[in-house]
Amino acid sequence: MSAFDHIRDEPNVIDVICPAFVAKLETLQCGIDLANTNLAKKMESLEREVRSCKEDLLEREEKASRLVQAVMKEQIAAAFNANLLAMDSRFQTFDSRLETIDSRFEAMANDMDCLKTMMRASLAQGSVPVPPGTVAAASSTTSAPAQVPVPVPEVAENTAATEKAAAAEESNKIRQNAKRVTQVNKDYPGWQLKKNTTTVHQLLEEWYKSVGSVPLVVDRNRMAGARWRLSISFYKRRLAIIKFIDEVIEQSDYPGIESHHVAAVLEKYMTMTNLQLNGLGARLQTRKAVNGVVPSHTVRKFVMDELDAKSRVESGTARVSIIWIFFNLYIVALISIYFVVKMD
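Residues numbered from 1 in each chain as written. Predicted model: local features only at pLDDT ≥ 70, side-chain atom pairs only at ≥ 80, totals over all residues. Heavy atoms only, no water.

Per an unreviewed UniProt entry, the recorded name for the protein is Transcription activator GCR1-like domain-containing protein, and the organism is Metschnikowia pulcherrima.

In C-alpha cells, the structure reads:
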C-alpha cells in the first residue's frame with residue numbers, strides 16, 4: 001500500500017483544500033483588481049491636476065504677455081509724450097530766439113532811422129561835406145567843413161566770446177576725463193565692469209567670480225571705494241540687477257531657489273520686452289510711476305509669477321514621482337503575497 005492510497009480513499013481532503021486555495025486566489029485577484037481600480041482613479045485625478053496646472057500656467061503666461069504688452073504700450077505712449085514735450089520746449093526756445101532776433105532788427109532799424117535823421121540835420125547845418133551838385137557846393141565857402149563823426153549803434157558781440165569760452169571749457173573737461181581714465185586704468189588694471197556683457201548669467205559670473213588677480217566687486221568696493229569706477233551710472237545699473245536678485249531670493253518662500261533661477265526669469269523678461277542689460281538695470285532703478293505703473297514693480301511681479309508657476313509645476317512632478325514609487329511598491333507587495341499564498 002503506497003503513501004497516497006489513503007488520500008485517494010479520503011476524497012474529502014481534496015475537496016476541502018482545492019476550494020480554499022481557489023478562494024485565496026480569488027481574494028488575491030479581487031485585491032489586485034481593486035488596487036488597479038484605485039490606481040487608475042488616482043492616475044486620472046493626477047492627470048486632471050497636471051492638466052489644471054498646465055492650463056493655469058498657460059493662463060498666467062497669457063496674462064503676463066498681456067501685461068507686458070500693456071506696459072510696452074504705456075511706455076511707448078509715455079516716450080511719445082515726452083518727445084512731444086521736448087519738441088514743444090524746443091519750439092518755444094526757437095520762438096524766443098526769433099523774438100530776440102526780431103527785437104534786435106527793430107533796434108537796428110531804429111538806429112538807422114536815428115542815423116538818417118542826424119545826417120539830414122548835419123547836411124542842413126552844413127557841418128558835413130556835401131557832394132557835388134548840392135546847395136553847399138554852390139556857396140562861396142572855400143574851406144572844407146569838419147566832418148561830424150557818425151554814431152554807430154553798438155552791437156552785442158558776446159555770442160562769439162561765450163561760444164569760445166564754452167568750447168574751451170568742454171575741451172578742458174575732455175582732457176581731464178581722459179587723464180582720469182588713464183590714471184584709473186593704471187591704478188586698477190582690469191577692474192572695470194565689462195560693457196559687452198549681454199545676459200544676467202554673465203553679469204552674475206562677472207560679479208561673483210574673480211579672474212586672476214582681479215578681486216570680486218565686493219572686494220573692489222572694500223579696497224578702493226568708488227575710485228575704481230569710471231562710470232558711476234553704468235555701475236549703478238549693474239548693481240540694481242544684482243540687488244534685485246538678492247532681494248527676490250531673500251524674500252522668496254520657494255525652497256531651493258538660487259540666483260541662476262532668478263537670472264533665467266529676468267532673461268525671459270528681457271526677451272519678451274526686447275530689453276538690453278542696461279535697459280533692465282534702468283527699469284529696476286525706476287521707482288516712480290510712469291502713467292500709473294512703476295517699472296520696477298512690473299518686473300518684480302513678472303518674476304514672482306514665473307517662480308510661482310515653476311514651483312507649482314515642480315511640486316506636481318514631485319507628487320507624481322511619489323505616487324509612482326508607492327504604486328510600484330504596492331505591486332511588488334501584491335506579487336509577493338501572491339507567491340507566498342501559492343507556495344502555501
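**A short note on the overall build of the protein**
Rules: A run of DSSP states H or I qualifies as a helix once it reaches four residues; a run of E qualifies as a strand once it reaches two. Both are numbered from the N-terminal end. Burial classification: accessible surface area is computed with a 1.4 Å probe over protein chains only, and a residue below 20% of its type maximum counts as buried, one above 50% as exposed, and the rest as partly exposed. Residues are treated as being in contact if the distance between any of their heavy atoms lies within 4.5 Å.
Each helix and strand in the protein was counted, giving nine helices and zero strands. Secondary structure elements of the protein occur, N-terminal to C-terminal, as α-α-α-α-α-α-α-α-α. Within the protein, buried positions represent 20% of all 344 residues. Across the protein, the fraction of contacts at a sequence separation of at least 24, relative to all contacts at a separation of at least 6, is 67%.

**Description of helix α7 (residues 259-273)**
Spacing of three or four residues puts side chains on the same side of an α-helix, whose turn is 3.6 residues. Note the cut-off: Each helix should span, by expectation, one fewer than its residue count multiplied by 1.5 Å.
Between its first and last C-alpha atoms α7 spans 21 Å; for 15 residues at 1.5 Å apiece the expected length is 21 Å, and the two agree. Those residues of α7 lying buried are His261, Val262, Ala263, Val265, Leu266, Tyr269, Met270 and Thr273.

**Quick word on the packing of aromatic side chains**
Applicable threshold: Any pair of Phe, Tyr and Trp rings, taking the six-membered ring for Trp, is counted once the centres come within 6.5 Å. Such a pair is stacked with planes under 30 degrees apart, edge-to-face with planes over 60 apart, and tilted for the rest.
For the structure on display, the rule yields five aromatic pairs. Ring geometry for tryptophan 207 and tyrosine 235: centres 5.8 Å apart, planes at 20°, overall stacked. Within this pair, whereas tryptophan 207 is found in helix α4 (residues 200-208), its partner tyrosine 235 is found in helix α6 (residues 232-251), the two being separated by 28 residues in sequence. Of the two residues examined, tryptophan 207 and tyrosine 235, each falls in the buried class. Taking 5.8 Å as the distance between ring centres and 85° as the angle between the ring planes, the aromatic pair formed by tryptophan 228 and tyrosine 235 counts as edge-to-face. Relative accessible area serves as the criterion here: at 1%, tryptophan 228 is assigned to the buried category. By relative accessible area, which is 5% here, tyrosine 235 ends up buried. The rings of Tyr188, Trp191, Trp207, Trp228 and Tyr235 are connected pair by pair, giving a single aromatic cluster.

**Re the pattern of salt bridges**
Pairing between side chains becomes possible if they bear opposite charge and their charged atoms approach one another. Quick note on the threshold: By definition here, a salt bridge exists when the distance from a side-chain nitrogen of Lys or Arg to a carboxyl oxygen of Asp or Glu is within 4 Å.
According to the stated counting rule, one finds eight salt bridges in the structure shown. Here glutamate 59 makes a salt bridge to lysine 63, at a shortest N to O gap of 3.7 Å. A residue pair is termed a helical-turn pair when its members lie 3 or 4 positions apart in one helix, as glutamate 59 and lysine 63 do in helix α2 (residues 11-125) at four residues. Classification of lysine 63 as partly exposed rests on a relative accessible area of 46%. Two residues, lysine 301 and aspartate 305, come together in a salt bridge whose shortest N-O distance is 3.0 Å. Separated by four residues within a single helix, lysine 301 and aspartate 305 lie in helix α9 (residues 295-343), roughly one turn from each other. Where salt bridges share partners, they join Asp56, Arg60 and Asp308 into one cluster.

**Digging into helix α8 (residues 277-285)**
To keep it simple, the criterion reads: The arc in question is the one traced by the directions running from the helix axis out to the C-beta atoms.
Of all the residues in α8, the buried ones are Leu277, Leu280, Gly281, Arg283 and Leu284. In an axial view of α8, the angular spread of the buried residues amounts to 160°, which keeps them on one side of the axis.

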